[in-house]
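Notes for the structure review
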Amino acid sequence: MPTLNELVDEVKANLQGYALRQDRITYVANPAGLTTTSTSITVGSSSNLAKGIIEIDDELIWIDNFNKTNNTMNAAPGFGRGYQGTSPSPHALNSQVILTPSYPRTNIKQAINDTINSLYPKLFQVASTTFTFNAA
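Everything quoted here is computed from the prediction, not taken from an experiment.

**Observations concerning the side chain of Asn 30**
Looking at the element boundaries, Asn 30 is found in the loop between strand E1 (24-27) and strand E2 (40-42). Sequence-distant contacts of Asn 30, that is, excluding residues within four places in its chain, are made with Ser 40, Ile 41, Thr 42 and Leu 93.

**Focus: the layout of surface pockets**
The computed volume of the largest pocket comes to approximately 180 Å³. Asp 9, Lys 12, Gln 16, Asp 23, Ile 25, Glu 55, Asp 57, Gln 96, Ile 98 and Arg 105 are the residues that line the largest pocket. For the lining of the largest pocket, the secondary-structure elements that each account for two or more residues are helix H1 (4-17) and strand E6 (96-99). Tallying contributions element by element places H1 first for the lining of the largest pocket, with three residues. Looking at the lining of the largest pocket residue by residue, the classes come out as two nonpolar, two polar and six charged.

**Observations regarding the sheet that holds strand E3 (residues 52-56)**
Neighbouring strands of a sheet are bound in pairs by backbone hydrogen bonds; such pairs are parallel or else antiparallel. Strand order in the open sheet formed by six strands is E1-E6-E3-E4-E5-E2, with antiparallel pairing between adjacent strands. Two strands bound the open sheet, and with one partner strand each, they are E1 and E2. For this sheet, the mean inter-axis angle between neighbouring strands, taken without regard to orientation, is 40 degrees. As defined by bridge partners, E2 adjoins strand E5 (residues 72-75) across three bridges and the pair is classed as antiparallel. Opposite Ser 40, over in E5, you have Asn 74 as the bridge partner.

**Some details on the environment of Arg 81**
When you line up the elements, Arg 81 lands in the loop between E5 and E6. Separated by 46 residues in the primary sequence, Arg 81 and Ala 127 have C-alpha atoms spaced 43 Å apart. In this structure, Arg 81 is in contact with Thr 35, Thr 36, Thr 37, Ser 38, Glu 59, Leu 60, Ile 61, Ala 75, Ala 76, Pro 88, Ser 89 and His 91, ignoring residues within four places of it in sequence. A distance of 2.9 Å separates the side chain of Arg 81 from the backbone oxygen of Thr 35, its partner in a polar contact. Polar side-chain contacts of Arg 81 include one of 2.9 Å to the backbone oxygen of Ser 89.

What counts and what doesn't
- Residues numbered from 1 in each chain as written.
- Predicted model: local features only at pLDDT ≥ 70, side-chain atom pairs only at ≥ 80, totals over all residues.
- Heavy atoms only, no water.
- Helix = DSSP H or I, 4+ residues; strand = E, 2+ residues; numbered from the N terminus.
- Contact = heavy atoms within 4.5 Å.
- 1 Å grid on protein atoms, 1.4 Å probe; cavity = no way out; pocket = protein on both sides within 12 Å on 5 of 7 lines; lining within 4 Å.
- Points joined across faces, edges and corners; volume = space filled by probe spheres on them.
- Nonpolar A, V, L, I, M, F, W, Y, C, P; charged D, E, K, R; others polar.
- Pairing = 2+ DSSP bridges.
- Axes fitted to C-alpha atoms, helices over the stretch in contact; angles between N-to-C directions.
- Polar contact = N/O pair within 3.5 Å; in protein donor to acceptor, adjacent residues only side chain to side chain.

This is the structure in structure tokens:
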């Protein structure tokens, strides 16, 4: 049985496979990673830096400004971390950073949960049974 994260990964891969626009990706380069309150994010590549939304794991962050000289992006004070109702969370060194994500993970999770909830009470649990056949 796949987990919700595995379902999200599969849906995202299918959506991106058919899209003309591919996400720009880099990674967290802060040596200690990010805490829930970090506002300065050092990334691995300066060629992708821009203002706007980034996604790290399941968190959306609004980037207010950036510095291409030292590959640093700065979250907007007050509302940048946990943007659009996501939860600010710690992120490890080398975590994937998606710049202006086409399909944010939180939106995909919400769509999956909405679909499952819309099936209630029509969706019911099905048990599985294994039958063995003994030829005599």
